[in-house]
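Structure at a glance
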Amino acid sequence: MTEKHIVLEDIDPVMLYGVGNGHLQIIKSLYPKLRVVARGNVIRVLGDSDEMERFEACIEQIRQHVLKYNTVSEEDILDIVNGRQTKADAVKGVVVYSISGRPIKGRSENQQRLIEAFEQNDMVFAVGPAGTGKTYLSIALAVKALKEKTAKKIILSRPAVEAGEKLGFLPGDMKDKIDPYLQPLYDALEDMLPQVKLQDMMEKHVIQIAPLAFMRGRTLSDAVVILDEAQNTTPQQLRMFLTRMGWNTKMIITGDMTQIDLPNSQKSGLVEALRILSGIEGIGVVELTKKDIVRHRLVTRIVQAYEADEKNQK
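Let me sum up the structure you'll find in this document.

Cut-offs applied
Residues numbered from 1 in each chain as written. Predicted model: local features only at pLDDT ≥ 70, side-chain atom pairs only at ≥ 80, totals over all residues. Heavy atoms only, no water. Phe/Tyr/Trp six-rings, centres within 6.5 Å; stacked < 30°, edge-to-face > 60°. Helix = DSSP H or I, 4+ residues; strand = E, 2+ residues; numbered from the N terminus. Buried < 20%, exposed > 50% of the residue type's maximum accessible area, 1.4 Å probe, protein only. Contact = heavy atoms within 4.5 Å. Pairing = 2+ DSSP bridges. Axes fitted to C-alpha atoms, helices over the stretch in contact; angles between N-to-C directions. Salt bridge = Lys/Arg side-chain N within 4 Å of Asp/Glu carboxyl O. Arc of directions from axis to C-beta. Patch = residues over 30% accessible without salt bridge, like charges linked within 9 Å, V, L, I, M, F, W, Y side chains within 5 Å. Areas by Shrake-Rupley, 256 points an atom, 1.4 Å probe, with all protein chains shown as cover. Polar contact = N/O pair within 3.5 Å; in protein donor to acceptor, adjacent residues only side chain to side chain.

**Remarks on the packing of aromatic side chains**
All chains considered together, the criterion is met by 2 aromatic pairs. Taking 5.4 Å as the distance between ring centres and 90° as the angle between the ring planes, the aromatic pair formed by tyrosine 31 and phenylalanine 55 counts as edge-to-face. With tyrosine 31 in the loop between α2 (22-30) and β2 (34-39) and phenylalanine 55 in helix α3 (residues 49-69), this pair connects stretches of sequence that are 24 residues apart. On the basis of an interplanar angle of 85° and a centroid distance of 4.5 Å, the ring pair of tyrosine 69 and tyrosine 97 is categorised as edge-to-face. Separated by 28 residues along the polypeptide, tyrosine 69 in helix α3 and tyrosine 97 in strand β4 (residues 94-97) bring together distant segments of the chain. By relative accessible area, which is 3% here, tyrosine 69 ends up buried.

**Comments concerning the environment of lysine 33**
Secondary-structure assignment places lysine 33 in the loop between α2 and β2. Overall, the relative accessible area of 56% leaves lysine 33 in the exposed class. Along the backbone, lysine 33 and glutamate 51 are 18 residues apart, and their C-alpha atoms lie at a distance of 7.0 Å. Ignoring any residue separated from it by four or fewer positions in sequence, one finds lysine 33 in contact with Leu46, Gly47, Asp48 and Glu51.

**Some remarks on the sheet that holds strand β6 (residues 123-127)**
Backbone-to-backbone hydrogen bonds pair the strands of a sheet. The strands run either parallel or antiparallel. Strand order across the open sheet formed by 6 strands is β8-β7-β9-β10-β6-β11, with parallel pairing between neighbours. In this open sheet, the two strands that pair with only one neighbour each are β8 (207-211) and β11 (283-287). For this sheet, the mean angle separating the axes of adjacent strands, direction not counted, is 15°. Taken together, the 5 bridges between β6 and strand β10 (residues 250-255) define a ladder with parallel strand orientation. Each bridged residue has a counterpart across the sheet, and for phenylalanine 125 the counterpart in β10 is isoleucine 253. Running over the sheet, helix α6 (residues 109-120) touches β6, β9 (223-227), β10 and β11 and is turned about 175° from β11. Against the sheet, helix α7 (residues 134-147) contacts β6, β7 (153-158), β8, β9 and β10, and its axis sits at roughly 165° relative to β10.

**As for the pattern of salt bridges**
Overall, the coordinates contain 10 salt bridges when judged by the stated rule. For the salt bridge of lysine 87 with glutamate 75, the shortest nitrogen-to-oxygen distance reads 3.7 Å. Of the two residues, lysine 87 is situated in helix α5 (residues 87-90) and glutamate 75 in helix α4 (residues 74-81); the sequence distance between them amounts to 12 residues. Its relative accessible area of 57% is what places lysine 87 among the exposed residues.

**Quick word on α4**
Within α4, burial applies to Asp76, Ile77, Asp79 and Ile80. Buried positions in α4, seen along its axis, are confined to an arc of 165° and lie on one side of it. Of the surrounding secondary structure, the elements contacted by the buried residues of α4 are α2, α3 and α5. Downstream of α4 by a residue or two, glycine 83 has a phi angle that is positive, lying close to 75°.

**A few points about a nonpolar patch on the surface**
Taken together, Met257, Ile260 and Val271 make up a surface patch of nonpolar side chains, about 220 Å² in accessible area. Topologically, methionine 257 is positioned in the loop between β10 and α12 (269-277). Since its relative accessible area comes to 32%, methionine 257 is described here as partly exposed.

**A few points about the side chain of asparagine 70**
Within the element layout of this structure, asparagine 70 appears in the loop between α3 and α4. At a separation of 3.3 Å, a polar atom in the side chain of asparagine 70 contacts the main-chain carbonyl oxygen of methionine 192. Setting aside its immediate chain neighbours within four residues, asparagine 70 contacts Met15, His65, Tyr97, Ser98, Ile99, Lys147, Met192 and Pro194.

What follows is the structure, given as structure tokens:
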């Protein structure tokens, strides 16, 4: 008789065990020659060595399924045990899955172009109005690279546009002051990674979120680096950021030309970068439009109304 301990290190064990250990009971029933006891993230198995080997392979497949899809159902478990393709495996073109198991993929032609541009280039500019999924899809691509181990870390940055006197009046230390500017990045990450795992990755600096000013002097290697709201950078700031690129690094720069919050006398670094870098090999540029808006249908109407008003004002 053989005894073995299986440790579930990188997933939430509750997801594998199921509500009220429902999933675990199903798995136990499929391996009657084994005695299985689960405590925390450790599964203790006692019994026939051949059956234990099959059990261990089954648990590993379920673990990989949870790691990839952030969910597993009783039907999935039965499919895995019987060597069948799960429903999730049959879905094509998915970048990653949200923590609820929802597939995150390109939902428009230009969003698909962004995915392809990321695969084909080391640097991508994604430009378009609010709601077109620039930031969300970019972070999904970064999370995918991390899960597939093609990148060792994710670095996310944003310019703190009001980094002058207004920032000083915010309460707390520097992290507390800059967090409001970085909240959209946190929101996207929280939708794609379980809270405990996200917290662990941030504590280990696998995922780093920092304002643009903190990038000076760094060389960013083995990473996916995303600069959000790049329209609010100055030419000097954006040039500094772009030259941080190190070995085995991919960069995505997102921005909305209609939401430049810089003083009127100040040029946007994004506008200048697109002019200077257009056509350079290894740099992709994807322009998203109001047709790509994936938020509430009213957002499209709002964007159209403002565009019409701007034309009338001119």
